[in-house]
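What the coordinates show
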Amino acid sequence: MIGVGTGITASTLALLNDVKTVDAYDISRVLEDVFAAYPDGTLDLTHNPKINLIWQDARSGLELNPKQYDIIQTQPLYLKQAGSALLNSTEFFQLIRRRLKAGGIFCLYSNGSPAQAFSVRQTADQVFPYRESFFDGYLLILSNEPIGLDANVLSGRLNSDDPLWQKIAAYPSTSTPERIFDSLDTPRLPAHGSKFVITDDHPIVEYPRMPAESVRLAQLPFRLPKPDSQHSHHEPR
């Protein structure tokens, strides 16, 4: 988990029976006070034996630690904030790819303006050969291997006694495989070469006008979807 925040996602992942441990990175130790003051609101993160809190910049941590993972997930960033490109650049995605086990997946939030989200997808496509997305490009699922989305497997999970899957099944929009697939971007969101790629020394995603102007000038042969307003942190203009 890259970016612990209030710990909700790390704690939710830890509910899965199949998950044995969650390495949760965050650079801000101020969160220790938040966890102590609001144990209920943070799902008692600090006392969860499955969660290993690492107070370090995740990019440096992953670079120095050769450990590989089944799942790597980043928490949402406001893409226009300074430094967001460091967790959305080609170089960072290449590091993530090296840290995935065979069959592992990288879950990436791609919120922001349509052009910003497009830049994140274009960058991810330069590194990962396989991509699926949900909520009009808000959530990307990336992998080094083909991503299997099977209704029968989902149905079995939804009917299991796993604590997290029981919560998922109880939520109306994810209660059946069909409803989950309703959020899948079908057909797959298109790509358009490497012109809009984010790099460490070209952090275009931090400057919303740059990708927007590039998209305008490129005259793309398709319309960019706006990331799902129910999930995105994009501030409407």
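What you see is a predicted model, and the numbers here were worked out from it, not measured in a lab.

1. Here we look at the packing of helix α5 (residues 114-127) against helix α9 (residues 209-218)
Close contact between α5 and α9 brings their axes to 8 Å; oriented N to C, the two are set at 85°. Here α5 lies roughly perpendicular to α9, going by the angle between them. Contacts from Ala115, Gln116, Phe118 and Ser119 in α5 reach Pro211, Ala212 and Val215 in α9. When the residues that make up the contact of α5 with α9 are grouped by side-chain class, the tally is five nonpolar, two polar and no charged.

2. Observations concerning the environment of Gly193
Considering the arrangement of structural elements, one finds Gly193 in the loop between α8 (177-182) and α9. A residue is classified by how much of its surface remains accessible, and Gly193, at 49% relative accessible area, is partly exposed. The spatial distance from the C-alpha of Gly193 to the C-alpha of Pro146 is 21 Å, given a sequence separation of 47 residues. Residues within four places of Gly193 in sequence aside, it is in contact with Gln122 and Gln126.

3. Section: the confidence of the model for the protein chain
For the protein chain, the mean per-residue pLDDT works out to 90, and 95% of the residues sit at or above 70. Least confident of the elements in the protein chain is α9, whose mean pLDDT is 88; most confident is helix α4 (residues 90-98), at 97. Taken as a whole, residues 232-237 scores under 50 in pLDDT and shows twelve contacts with residues more than four places along the chain or in a different chain.

4. Notes on unusual backbone geometry
Geometrically, the link from Thr186 to Pro187 is a cis peptide bond, its omega value of 0° lying close to zero. Within the secondary structure layout, Pro187 lies in the loop between α8 and α9. Within the chain, Leu43 stands out as a residue other than glycine whose phi angle is a positive 55°. Mapped onto the fold, Leu43 is located in the loop between α2 (31-37) and β2 (51-55).

What counts, and where the lines are drawn
Residues numbered from 1 in each chain as written. Predicted model: local features only at pLDDT ≥ 70, side-chain atom pairs only at ≥ 80, totals over all residues. Heavy atoms only, no water. Axes fitted to C-alpha atoms, helices over the stretch in contact; angles between N-to-C directions. Helix = DSSP H or I, 4+ residues; strand = E, 2+ residues; numbered from the N terminus. Parallel < 35°, antiparallel > 145°, perpendicular 65-115°, else oblique. Contact = heavy atoms within 4.5 Å. Nonpolar A, V, L, I, M, F, W, Y, C, P; charged D, E, K, R; others polar. Buried < 20%, exposed > 50% of the residue type's maximum accessible area, 1.4 Å probe, protein only. pLDDT = per-residue confidence, 0-100.

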